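Structural features, examined
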Amino acid sequence: MKIFPAIDIIDGCAVRLIQGDYDKKTVYSSSPVDVAKDFEKQGAGFLHTVDLDGAKDGSLSNFETVRQIAKKTDLFIEIGGGIRDEERIKKYLENGVSRVILGTAALNNPDFLKRAVDKYKEKIAVGIDAKDGFVAVNGWLDVSKKSGIEFCKEIEKIGVSTVIYTDISRDGAQKGTNLELYKQLKNELKMDIVASGGITFTDEIKKLSEMGLYGAILGKALYTKAIDLKEAILLAGEQI
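Described in the following lines is the structure provided in the data block. All of these numbers come straight from a predicted model, not from anything done at the bench.

Some words on unusual backbone geometry
Unlike most non-glycine residues, D11 shows phi in positive territory, near 50°. In this structure, D11 sits in the loop between β1 (2–10) and β2 (13–18). A positive phi is found at K225, a non-glycine position, where the angle reads about 70°. Checked against the element boundaries, K225 lands in the loop between α10 (220–223) and α11 (229–235). Owing to a relative accessible area of 70%, K225 belongs among the exposed residues under this scheme.

Structure representation (structure tokens):
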């Protein structure tokens, strides 16, 4: 299983939110590039980034920060947050990003998602953020009437190969992740599944890896030192 340390960006800073609440923000670094380089030094080969400004208002104000991370590291970088047209997909992919994550646009515009997947194949992933089992959009500010698991099945039919599934109730709360949910997703889907939200304990990494998940995102647990990145990579079966 691949470990994706996470960098969420607001105003060019590396931050963490609690349950997607922009008012519950902790700034961990004014230099996301330095954070990424440190992750790489610890053995990471992958990075999950989210432009939280973009997710909220569709802006591209943190693009240069992401471009610099790609330029100054050799990490496989996936980026989400406010990506709602092909121009933005192209801009990221042409500037060193390996995979682009569609969220709100994937739900609201399935034709756009299909065109993107047909053209860019595995370079397109879908991020599903679920609140009480239903898909949340627009930076988690709005909750739709679409079941997260049903949406997974719909996008799998379209040809999406990777889904990043977040249980918002667990995200940033440091109370553990939703292992039963990921077991269900693994049983019902053939896509690569990335677990995201609330992974707090090293034994959870082991369990997710044993389930056969493709990847796991580590956020707050890394910043608070609850989990050691090198240990997580080894537990997941990745080589340093």
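Points about helix α1 (residues 32–41)
Buried within α1 are the following residues: P32, V33, V35, A36 and F39. Buried residues of α1, seen end-on, are gathered within an arc of 160° and therefore sit on one face of the element. The first or second residue beyond α1 is G43, which carries a positive phi of 110°.

Overview of the packing of aromatic side chains
Applying the stated rule across the entire model yields 6 aromatic pairs. For the pair F4 and F46, a centre-to-centre distance of 5.2 Å together with 50° between the ring planes defines the contact as tilted. Within this pair, whereas F4 is found in strand β1, its partner F46 is found in strand β4 (residues 46–51), the two being separated by 42 residues in sequence. Each ring, one from F4 and one from Y214, has its centre 6.3 Å from the other, and the planes form 45°; the classification is tilted. Of the two residues, F4 sits in strand β1 while Y214 sits in the loop between α9 (202–211) and β12 (215–218), which places them 210 residues apart along the sequence.

Side note on the nonpolar core
Note that soluble globular proteins tend to have their nonpolar side chains buried in a common cluster. Membership of the largest hydrophobic core comes to 69 residues, with the highest contact counts inside it found for I3, I89, V100, L102, Y182 and L208. Sort the elements by how many residues they give to this core and helix α6 (residues 110–120) lands first, with 5 residues. Non-local contacts of L208, meaning those with residues more than four positions away in its chain, are made with M1, T177, L179, Y182, A195, I199, L213 and A216. If you look at the next biggest cluster of nonpolar residues, it comprises 9 residues, including A6, F46, I164 and I217.

Here we look at the pairing of strand β5 (residues 76–80)
With 4 of its 5 residues buried, β5 lies for the most part within the structure. As paired elements, β5 and strand β6 (residues 99–102) share 3 bridges and run parallel to each other. Pairing of G80 across the sheet is with I101, part of β6. Between the parallel elements β5 and β6, the chain passes through helix α4 (residues 86–93) in a crossover that is right-handed.

Re the environment of I9
Structurally, I9 is set in strand β1. Overall, the relative accessible area of 0% leaves I9 in the buried class. Along the backbone, I9 and G80 are 71 residues apart, and their C-alpha atoms lie at a distance of 11 Å. If we skip the residues at most four places from it in the chain, I9 touches P32, V50, D51, L52, D53, N62, T65 and V66.

Cut-off values and rules
Residues numbered from 1 in each chain as written. Predicted model: local features only at pLDDT ≥ 70, side-chain atom pairs only at ≥ 80, totals over all residues. Heavy atoms only, no water. Helix = DSSP H or I, 4+ residues; strand = E, 2+ residues; numbered from the N terminus. Buried < 20%, exposed > 50% of the residue type's maximum accessible area, 1.4 Å probe, protein only. Arc of directions from axis to C-beta. Phe/Tyr/Trp six-rings, centres within 6.5 Å; stacked < 30°, edge-to-face > 60°. Core = buried A, V, L, I, M, F, W, Y, C linked by side-chain atoms within 4.5 Å. Contact = heavy atoms within 4.5 Å. Pairing = 2+ DSSP bridges. Right-handed = clockwise from strand over helix to strand, strands pointing away.

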